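The residues making up each chain are set out below.
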Amino acid sequence: MALDVPYRSIPDMFRQRVAASPDRPAFAHPAPDDSGPVWLTWAELSRRASALAAGLRSLGVDHEDRVAILASTRLDWIVADLAIMCAGGATTTVYPTTEPDDTRFIVADSGSRVLIAENATQAAKIEGADLPDLTHVVLMDGPADPAAKPAQLTLADLEERGDAVLAADPGLIDRVVADIKPDHLATLIYTSGTTGRPKGVELLHAGWCWEGVSQAAFDLMRSDDLQYLWLPLSHSFGKTLICGIIHVGLPTYVDGRVDKLIEMLAVVRPTLMCGAPRIFEKVYNRVVATAQADGGAKAKIFGWAVRTGRQRVALEQAGRSVPATLRLRYALAERLVFSKLQARLGGRMRVMVSGAAPLSQEISAFFAAANLPISEGYGLTETSAGNFVNRPGRLRIGTVGQRLGDLECRIDEDGEVLVRGTPVMRGYHNLPEETAAAFTQDGYFRTGDIGELDEQGYLKITDRKKDLVKTSGGKFVAPSHIEGMFKALCPYTSQAVVIGQSRNYCTMLVTLDADALAGWSAGGPLAGRPYAEVVAAPETQAMVEEYVAQLNARLNRWETIKKVTVLPRDLTIEDGEMTPSLKIKRRGVESNFAAEIDKMYAGTLAEI
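Residues numbered from 1 in each chain as written. Predicted model: local features only at pLDDT ≥ 70, side-chain atom pairs only at ≥ 80, totals over all residues. Heavy atoms only, no water.

Quick notes on the confidence of the model for the protein chain
- Looking at the protein chain, the pLDDT average stands at 91 and 97% of residues meet or exceed 70.
- Here residues 604–608 scores under 50 on pLDDT; set against residues more than four positions off or in separate chains, the count is 14 contacts. (pLDDT = per-residue confidence, 0-100. Contact = heavy atoms within 4.5 Å.)

Dropping the structure here:
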């Protein structure tokens, strides 16, 4: 049955929301002293967005013209995005961590007419580039440079300019919004890509409105929830959340300062938070490492509580009732242990959603045991991010849940997941051949992921098609599965990368979490030493190898890790080893650490 989407476009959805609840809180930003949220109502948000939209029209922005945003996650990002679309334009998103070369490429390839940059430092990334379509740069923070080319103005200047336009023509934005159709371009999001140049993904208003309605239908968002939004808004995950927020009228606190996340969770006390797996992994690492460091009775109580929670989760996952005695034990475990973790996340969390990369099954089970179930979801930039998700109360650990709305899905003969429906992209910008290759003859998008659908429609992703490793012995290995298992076993892990393509055995590169490692080394001979010294120490190598031995006990013989190297630093976006959405760029890792990899394969071992 077709999903009922009562909107022509995102601006139409936005305006219907404003009319329905003008005085309700919409979005908030942090107070200067971090004492709590400072709220903007839907009516106040609409006034700002309309003024900025009129300002953009005065700069020449018309239907489907691209306007780029180069800024971190903040309320101004959302206001600017809404303004671009209310002007009839399409938002080109650029991560604030994007290097100048790729920034210039994205702005040029997209044909963006205006660039809205966070500050002069971000704007400087396009200096010296040949950008014939770009006419203006707008700065969120700091003064405009009167001598700059293209011409600069501030966001406040643009808003003031728009107010003057609306004073002369109050109905301008109403007419523009009325002309925006479902098949008009809404966003041009460049895939961060694990290889090669980023590709511009053309996503339409119809797909984003579909996303907003679909999320509400799965009970992921409610109007009485309070969301903490810290995700990169340049990512499709962030964009799909904004659409759900507008459809539902969900009050949302916006704060991209990841280093302030734990501190501000206790202040904001949200009921909903979405994130990439790395955030949940860091919380898991901190909790488990602290319990192990405490030792003695505290460590024993923690271990007992986790085992008790896992017993309850195992029964629930199997569809069996939980005995009264186990319910009593769990109530005690929650009071002694899990309530403290719940309090660290604000004490009111109803839903947590993980996406953008695979979440370890073990870590998912841990949070479920702590009565903080994580609804893992699945989607791609090309499919507007939200395609499958575990809905609250119907969690199936190890899967990415069931399909949203009326999305169609089938598994190809080689195991590849194929999807078709409203949220799927129009195509890759200026790349007709790559667009054609991305679809089957009957219009299904090729996700590049290998998966399985069960009889109830739950999807399990086993690996990326292009990331499957084939050893020289002809055996296939799924790296992300093994990497996720290791992260769950070793609470000191930051990243793990399995190596083995065309090799006769598998090895692994490991980076360690600085905070967790400091806790592990406290009180011992490595206490207080610099991170580089600690990771290079024989004691650290021995600790990691012990966890690798535990991992190998759970793997098939051809999957086992024969050698492991602890790297001297973490993987970074800047060094080309991670995408901005925190996926591993395997080619970048293998290139940058080629010497370490070659050393693990020096000499010979029996072929697997």
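Some thoughts on the pairing of strand β5 (residues 114–117)
- Side chains V114 and I116 of β5 all project onto a buried face; the interleaved residues L115 and A117 project onto the opposite face, where all are buried too.
- Inspection of the sheet shows strand β3 (residues 66–70) paired to β5 by four bridges, in the parallel sense. Counted as the bridge partner of L70 is A117 from β5.
- Pairing of β5 with strand β6 (residues 136–139), which is carried by four bridges, proceeds in the parallel orientation. Directly across from V114, in β6, lies its bridge partner H136. (Buried < 20%, exposed > 50% of the residue type's maximum accessible area, 1.4 Å probe, protein only. Helix = DSSP H or I, 4+ residues; strand = E, 2+ residues; numbered from the N terminus. Pairing = 2+ DSSP bridges.)

Thoughts on the sheet that holds strand β17 (residues 408–411)
- If you trace the four strands from one edge of the open sheet to the other, you get β17-β18-β20-β21, paired in antiparallel fashion. Across the chains shown, the open sheet's two edge strands, defined by having one partner strand only, are β17 and β21 (459–464). Direction aside, neighbouring strands of the sheet carry axes that sit 50 degrees apart on average.
- Both strand β20 (residues 445–453) and β21 contribute to a ladder of five bridges, which runs antiparallel. Paired with D449 across the bridge in β21 is R464. (Axes fitted to C-alpha atoms, helices over the stretch in contact; angles between N-to-C directions.)

Notes on helix α8 (residues 205–217)
- For α8, built from 13 residues, the straight-helix expectation of 18 Å at 1.5 Å per residue is met to within 8% by its first-to-last C-alpha distance of 19 Å.
- Counting buried positions along α8 gives 10 out of 13 residues, so the element sits mostly inside the fold.
- Three or more residues of α8 are buried, namely H205, G207, W208, C209, W210, E211, G212, V213, S214 and Q215.
- In this fold, the buried residues of α8 make contact with α1 (10–20), α3 (75–86), β8 (185–190), β9 (200–204) and α9 (236–248). (Expected span 1.5 Å × (residues − 1).)

Re the packing of aromatic side chains
- This structure, assessed with the given rule, holds 13 aromatic pairs.
- Their ring planes at 40 degrees and their centres at 6.4 Å tell us that F302 and F366 sit as a pair that is tilted. Taken together, the residues F302 in helix α12 (residues 296–317) and F366 in helix α14 (residues 361–369) connect sequence positions 64 residues apart. The exposure classification of F302 matches that of F366, with both residues buried. (Phe/Tyr/Trp six-rings, centres within 6.5 Å; stacked < 30°, edge-to-face > 60°.)

Observations regarding the pairing of strand β1 (residues 25–30)
- As paired strands, β1 and strand β2 (residues 37–41) are joined by five bridges and run antiparallel to one another. Bridge assignment links P25 to a residue of β2, and that residue is T41.
- The turn linking β1 back onto β2 is made up of six residues, and D34 within it adopts a positive phi angle of 60 degrees.
- In terms of strand pairing, β1 meets strand β11 (residues 252–254) through two bridges, oriented parallel. By the bridge assignment for β11, F27 is matched with T252.

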